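Structural overview
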Amino acid sequence: MLHSMSTTVEAASERSAAEVNEEIRALWRRSGGTLTTEQREVYQRLVLEWATAAPDSDRAA
């Protein structure tokens, strides 16, 4: 079970910014616009992952 969890983490770190963004949007849709403490923690992790995955070209535009 631990092995599959580490695979999931690796896969998550290789997602594109668009994939992470879609997960963020889905989190907000499920929450109805108000995040619980647990959802906020997930949101913060997703935003950090998105920022890491986002291409630098977005800043140059």
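Residues numbered from 1 in each chain as written. Predicted model: local features only at pLDDT ≥ 70, side-chain atom pairs only at ≥ 80, totals over all residues. Heavy atoms only, no water.

**Section: the nonpolar core**
- V20, I24, L27, L35 and L46 form the largest nonpolar core, which has 5 residues in total.
- When neighbours within four sequence positions are excluded, L46 is seen to be in contact with R15, V20, E23, I24 and L27. (Core = buried A, V, L, I, M, F, W, Y, C linked by side-chain atoms within 4.5 Å. Buried < 20%, exposed > 50% of the residue type's maximum accessible area, 1.4 Å probe, protein only. Contact = heavy atoms within 4.5 Å.)

**Things to note about the confidence of the model for the protein**
- Chain-level pLDDT for the protein is 78 on average; 69% of the residues reach the 70-or-more range.
- Contacts from residues 1-12, a stretch scored under 50 in pLDDT, to residues over four places away or in other chains number 1 contact. (pLDDT = per-residue confidence, 0-100.)

**Quick notes on the pattern of salt bridges**
- Tallied over the full model, the rule gives 3 salt bridges.
- Two residues, R15 and E23, come together in a salt bridge whose shortest N-O distance is 2.3 Å.
- Given the relative accessible area of 32%, E23 is considered partly exposed. (Salt bridge = Lys/Arg side-chain N within 4 Å of Asp/Glu carboxyl O.)

**Some remarks on the environment of T34**
- For T34, the position within the fold is in the loop between α2 (17-31) and α3 (37-53).
- Under the relative-accessibility criterion, T34 is labelled exposed at 58%.
- If we skip the residues at most four places from it in the chain, T34 touches W28 and Q39. (Helix = DSSP H or I, 4+ residues; strand = E, 2+ residues; numbered from the N terminus.)

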